[in-house]
Amino acid sequence: MLDATSPSGVSTADAAPSAATENFPVALRMLPARRRRALLAVYDVARHIDQLGDAAPGNRTQQLLTFRADLQRLVDGGTPQHQVLRDLAPYARDCALPLQAFDDLIEANLMDQEVTRYADLPALLEYCALSAHPIGRLVLAVFGQSTPGRVDRSDTVCAALQILEHCQDVVEDHRAGRVYLPQDQLSAAGLTDTTMLAPDHAAALRSVVLAQVLTCRQMLSAGTTLVGELRGWARIAVAGYVAGGLATADALQRAGGEVTGAQTVRPRRATLLRHGIRLLLTSGRR
């Protein structure tokens, strides 16, 4: 749930450098320092893995494998070489973090080096199981509120957040040689890799994007139940994540599915707050 669809664009004063320039939910600034720092430590490792997979110079596959070996040192109780893993170590112990989640993120980025298209929504969701599910699982662990049912609902929410982010980043991903919109839906709309961003095919692309938004709204409905099952700060934080997804879906729909403009489609804060308050009030009546 810690991703570009998180709801604020406001950095935290005590964030690590890699997190300071990224979106971090407003609600999380109110968290007790220990929880906030744990989430930031998780965030920094996730961002480091993404940077290795997306922007590192040289052999990205080898760098990801090297980082995986360093993660294994932490799993084995040793001292990792990378600073982000050393910073994570105390929280990994105190919060009993599922370290397999970080390995899954590494695997997703290894996939990105070879797999650049997804045949259909089920194939994309298989990718999200590696690239998105781990974040929600880590967040639940930080708050000590993981159960099998909550993990299932978190997985659904996180996959929706990931797909919404893909919708926001269609142009950026295409420039990187990746297309995360389902190929069968693009084909049904008469689009190919070479035509999907062409101005005369704009209406077709918008229809595909809006189809993803509809799917994500349905998936995000699991968030109401999830928020209602949580307590304390976890409930507020997760409500913020789900609200961010809903506000992003609203923004994409308000834009009519147009995602090829100069500016990335972003949610409005007022919309985010409205969704967050509604989630907290509605889930509280369960």
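Please read all numbers here as calculations on a predicted model, not as lab measurements.

What counts, and at which threshold
Residues numbered from 1 in each chain as written. Predicted model: local features only at pLDDT ≥ 70, side-chain atom pairs only at ≥ 80, totals over all residues. Heavy atoms only, no water. 1 Å grid on protein atoms, 1.4 Å probe; cavity = no way out; pocket = protein on both sides within 12 Å on 5 of 7 lines; lining within 4 Å. Points joined across faces, edges and corners; volume = space filled by probe spheres on them. Helix = DSSP H or I, 4+ residues; strand = E, 2+ residues; numbered from the N terminus. Nonpolar A, V, L, I, M, F, W, Y, C, P; charged D, E, K, R; others polar. Axes fitted to C-alpha atoms, helices over the stretch in contact; angles between N-to-C directions. Parallel < 35°, antiparallel > 145°, perpendicular 65-115°, else oblique. Left-handed = near helix turned anticlockwise from the far one by under 90°. Contact = heavy atoms within 4.5 Å. Salt bridge = Lys/Arg side-chain N within 4 Å of Asp/Glu carboxyl O. Buried < 20%, exposed > 50% of the residue type's maximum accessible area, 1.4 Å probe, protein only. Phe/Tyr/Trp six-rings, centres within 6.5 Å; stacked < 30°, edge-to-face > 60°.

A. View of empty space enclosed by the protein. This structure, assessed with the given rule, holds one cavity of 30 Å³ or more. Approximately 50 Å³ is the volume found for the largest cavity. His166, Val170, Asp173, His174, Arg178, Val179, Tyr180, Leu181 and Met196 together form the lining of the largest cavity. When residues of the lining of the largest cavity are assigned to their parent elements, the largest contribution, three residues, is made by helix 9 (residues 170–175). Looking at the lining of the largest cavity residue by residue, the classes come out as five nonpolar, two polar and two charged.

B. A look at the packing of helix 11 (residues 202–220) against helix 13 (residues 232–254). Between helix 11 and helix 13, the least distance of the axes is 10 Å, while the angle of their chain directions is 155°. Of the possible angle classes, the one that applies to helix 11 and helix 13 is roughly antiparallel. In this structure, helix 11 meets helix 13 at a crossing whose hand is left-handed. Facing helix 11, whose interface residues are Leu210, Val213, Arg217 and Leu220, helix 13 presents Val242, Gly245, Leu246, Ala249, Asp250, Leu252 and Gln253. In the contact of helix 11 with helix 13, the residues fall into seven nonpolar, two polar and two charged.

C. Broad picture of the pattern of salt bridges. Using the criterion set out here, one finds 14 salt bridges in the structure. A salt bridge links arginine 68 to aspartate 103, with the nearest nitrogen and oxygen atoms 2.9 Å apart. Separated by 35 residues along the polypeptide, arginine 68 in helix 3 (residues 60–75) and aspartate 103 in helix 5 (residues 100–112) bring together distant segments of the chain. Look at arginine 68 and you get partly exposed, because its relative accessible area is 22%.

D. Fine view of the environment of glycine 256. With respect to the helices and strands, the residue glycine 256 is situated in the loop between helix 13 and helix 14 (269–283). Sequence spacing of glycine 256 and arginine 206 is 50 residues, and the spatial spacing of their C-alpha atoms is 6.7 Å. Among residues more than four places away in sequence, those in contact with glycine 256 are Arg206 and Leu210.

E. Just the packing of aromatic side chains, in detail. A full pass over the atoms with the stated rule returns three aromatic pairs. Seen in terms of ring centroids, tyrosine 127 and tyrosine 180 are 5.6 Å apart; in terms of plane orientation they differ by 25°. Their pairing is stacked. With tyrosine 127 in helix 6 (residues 121–131) and tyrosine 180 in the loop between helix 9 and helix 10 (183–188), this pair connects stretches of sequence that are 53 residues apart. As far as burial versus exposure is concerned, tyrosine 127 and tyrosine 180 are alike and both buried. The rings of Tyr118, Tyr127 and Tyr180 are connected pair by pair, giving a single aromatic cluster.

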